[in-house]
Amino acid sequence: SRQDAVDYMTWTYFFRRLVQNPSYYGMEGIQEEDMNLFLTMTVGKCLDQLELSYCIESDDDGRGIFSTVLGRISSYYYLAHQTVQHFQDNLQPDMSTKDALQVLVDSTEFEQMPVRHNEDLTNTELAKTCPIELNAYTMDSPHTKAHLLLQAHISQLPLPCTDYLTDTKSVMDNALRVLQAMIDVCAENGWLASTLRQRIFVLII
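Owing to the predicted nature of the structure, the values given are computational and were not obtained by experimental measurement.

Scoring rules and cut-offs
Residues numbered from 1 in each chain as written. Predicted model: local features only at pLDDT ≥ 70, side-chain atom pairs only at ≥ 80, totals over all residues. Heavy atoms only, no water. Core = buried A, V, L, I, M, F, W, Y, C linked by side-chain atoms within 4.5 Å. Buried < 20%, exposed > 50% of the residue type's maximum accessible area, 1.4 Å probe, protein only. Helix = DSSP H or I, 4+ residues; strand = E, 2+ residues; numbered from the N terminus. Contact = heavy atoms within 4.5 Å. Axes fitted to C-alpha atoms, helices over the stretch in contact; angles between N-to-C directions. Parallel < 35°, antiparallel > 145°, perpendicular 65-115°, else oblique. Nonpolar A, V, L, I, M, F, W, Y, C, P; charged D, E, K, R; others polar. Arc of directions from axis to C-beta.

Ranked by internal contacts, the top residues of the largest apolar core, which has 40 residues, are Phe87, Leu91, Leu104, Leu150 and Met182. At the level of elements, α4 (69–76), α5 (81–90), α6 (97–105), α7 (119–127), α8 (142–155), α9 (162–188) and α10 (192–204) are the ones that each hand at least two residues to this core. Top element by residues in this core is α9. It accounts for eleven residues. The residues contacting phenylalanine 87, other than those within four sequence positions of it, are Leu79, Val103, Ser107, Val178, Ala181, Met182 and Val185. Listed in part, the eleven residues of the second largest apolar core include Leu18, Met27, Phe38 and Leu39.

Put into structure tokens, the structure is as follows:
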């Protein structure tokens, strides 16, 4: 329940820090009612976000919390809740490999891919050798860079520098578990064609 979540928070290191430095976390007072209100609002906001991401559901009175299949997939593969929401909103029953690759690289897990100074120019040059054409105005995007590195890896294209070798390893570490989660979501929805196509994609990678 929501109250169980609030009670759980009182046993965490976060709660100890909250007591020691309440103003840092935006809590106005240190009275018991102030803490209860702050924790209730914090937990409520997090649970509402998870519900919007299709990871949990609430019972009729709004107190009980139940995990969904997407929530369990997110937890099993250590994915951000925004990622499974992205899957739910964008995966389709019969997707091409190109479409599946785009859904993959648009996942939250690739937002931290570094795009260093002037690498947008390097990405533009790399894009000219890749089989799938990308938007020329997104070459400074971490998602576009992840897309290019995956294309280069699959097509065995030469990379422009050693930094891109390191970045490719980072992309590959994330890509397999994100792809497995995509397969599970498609399988749960009964989308055989998309499930098999993405399974082949995993074998290629």
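What follows picks up the thread again.
On to the environment of glutamine 92, then. Note on placement: glutamine 92 falls in the loop between α5 and α6. Glutamine 92 sits 97 residues away from asparagine 189 along the chain, and the two C-alpha atoms are 9.5 Å apart. With near-sequence residues (within four places) excluded, glutamine 92 lies in contact with Trp191 and Ser194.

What follows deals with the packing of α8 against α9. At their nearest, the axes of α8 and α9 sit 10 Å apart, and the two run at 95 degrees to each other. When the axes of α8 and α9 are compared, the pair comes out roughly perpendicular. Each of Lys145, Ala146, Leu149, Leu150 and His153 in α8 lies in contact with α9, whose residues at this interface are Tyr164, Asp167, Thr168, Val171, Met172 and Ala175. Its residues assigned to classes, the contact of α8 with α9 shows seven nonpolar, two polar and two charged.

Moving on to α5. Here α5 has its buried residues at Thr83, Val84, His86 and Phe87. One side of α5 holds all its buried residues, which, seen down the axis, span an arc of 150 degrees. Buried positions along α5 lie against α4, α6 and α9.

Among the structural elements, leucine 126 can be located in helix α7. Taking the relative accessible area as the measure of exposure, leucine 126 reaches 5% and is therefore buried. For the pair leucine 126 and lysine 45, spaced 81 residues apart in the sequence, the C-alpha separation amounts to 42 Å. Once you skip the residues sitting within four places of it in the chain, leucine 126 turns out to touch Leu148, Pro158 and Tyr164.

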